Amino acid sequence: MIIVLRLNHRIFRDKRITSHVALTARAFLADKLYYSGEKDSNFEQSISKVCKQFGSKFEVEHCKDPVRFVKENKDKFTIVHLTCYGLNAQNQVNKLKNRNLIIIVGGEKVEPIYYKLAEYNLAVTKQPISEVSALAILLHLLNNGKELDNEFKDAKLKILESENSKKVVKG
Ligand SMILES: C[S@@+](CC[C@H](N)C(=O)[O-])C[C@H]1O[C@@H](n2cnc3c(N)ncnc32)[C@H](O)[C@@H]1O
């Protein structure tokens, strides 16, 4: 099972980026997103609507106390924290395949405790990038790319590949 934990969501400033973290987590085959910070029912509903239309059992849930959440799950999950200051993800990823993971991605601020709680602090390039791109690349490496050909079996709508038009059919 792969859980993504997105820290410190702010409804006004992070609306789009937290949505993009969730949509990316879903499309790249994570199972669930927990987010801390401000509870945002509109965000939760918008992701649930995407799942109903385009499939997957992906869930979103607010997490009031992310430090406690990580501490309580340390025995069952390997804790991975994405940070540009970490070890190169590509050199560590084989140790993480087929494990239950909690992947922590930050917001504007990341409290130092997460560096200590994580078993793996991993960098996707040694450059500051976006949490969305870092998450996508890590999940892509973990999946060996299988998300690229994935189709959700419960999809009501499917997007078909097309050279020059939008093609969406009932699933
Ligand atoms: C825009 S950054 C802000 C980081 C924040 N200023 C801090 O205190 O670390 C937001 C998040 O993107 C992710 N991120 C950014 N660059 C990364 C990289 N090169 N590798 C892995 N994750 C990265 C991290 O999860 C980070 O917490």
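See the structure printed just above.
Predicted, not measured: the structure shown is a model, and the values here were computed from it.

1. Focus on the site of the ligand
- Neighbouring the ligand are 17 residues; Leu-82, Cys-84, Gly-106, Glu-131 and Ala-134 lie closest to it.
- At the level of elements, β4 (78–88) and α6 (131–143) are the ones that each hand at least two residues to the shell around the ligand.
- When residues of the shell around the ligand are assigned to their parent elements, the largest contribution, three residues, is made by β4.
- Classifying every residue of the shell around the ligand gives nine nonpolar, five polar and three charged.

2. Details of the environment of Gly-106
- Note that Gly-106 resides in the loop between β5 (101–105) and α5 (113–117).
- A C-alpha to C-alpha distance of 8.4 Å links Gly-106 and His-81, two positions 25 residues apart in sequence.

3. A closer look at the sheet that holds strand β3 (residues 59–62)
- A sheet is described by the order of its strands in space; here six strands give the open sequence β3-β2-β1-β5-β4-β6, paired in parallel fashion. Both outer strands of the open sheet, β3 and β6 (120–123), are each paired with one neighbouring strand and no more. Going from strand to strand, the sheet's axes swing by 30° on average, the running direction of each strand aside.
- With five bridges joining them, strand β1 (residues 2–9) and β5 adopt parallel strand pairing. Across the sheet, residue Ile-2 finds its bridge partner in β5, namely Leu-101.
- Packing against the sheet, helix α1 (residues 11–27) makes contact with β1, β2 (32–37), β3 and β5, and its axis sits at approximately 175° to β1.
- This element, α6, spans β1, β4, β5 and β6 of the sheet and lies at about 155° to β5.

4. Comments concerning the environment of Asn-143
- Inspection of the secondary structure puts Asn-143 in helix α6.
- By the C-beta count within 10 Å, which is 16 here, Asn-143 ends up partly exposed.
- Residues Asn-143 and Lys-126, 17 residues apart in the sequence, show an inter-C-alpha distance of 22 Å.

Conventions we followed
Residue numbers run consecutively from 1 along every chain, following the written order of its sequence. Reporting in this predicted model follows two pLDDT cut-offs: at least 70 for local features of residues, and 80 or more for side-chain atom pairs to be given and counted; totals over whole chains, interfaces and linings ignore these cut-offs and use all residues. Defining nearness, a residue is near a molecule or strand when the C-beta atom obtained from its backbone falls within 6 Å of it. Secondary structure is summarised from DSSP: a helix means a run of H or I of at least four residues, a strand means a run of E of at least two, and numbering begins at the N terminus for each. Only Asp, Glu, Lys and Arg are considered charged in this grouping, and only Ala, Val, Leu, Ile, Met, Phe, Trp, Tyr, Cys and Pro are considered nonpolar; every other residue, Gly among them, is considered polar. A pair of strands counts as paired when DSSP detects no fewer than two bridges linking them. For helices, the fitted axis covers only the stretch in contact; all axes are lines through C-alpha atoms, and the angles between them, taken along N-to-C directions, range from 0 to 180 degrees. Here, residues touch in the contact sense if the C-beta positions derived from the backbone fall within 7 Å of one another. The exposure label follows from counting other C-beta atoms within 10 Å of a residue's C-beta, where the C-beta atoms are placed from the backbone and the thresholds are 20 or more for buried and 12 or fewer for exposed, leaving partly exposed in between.

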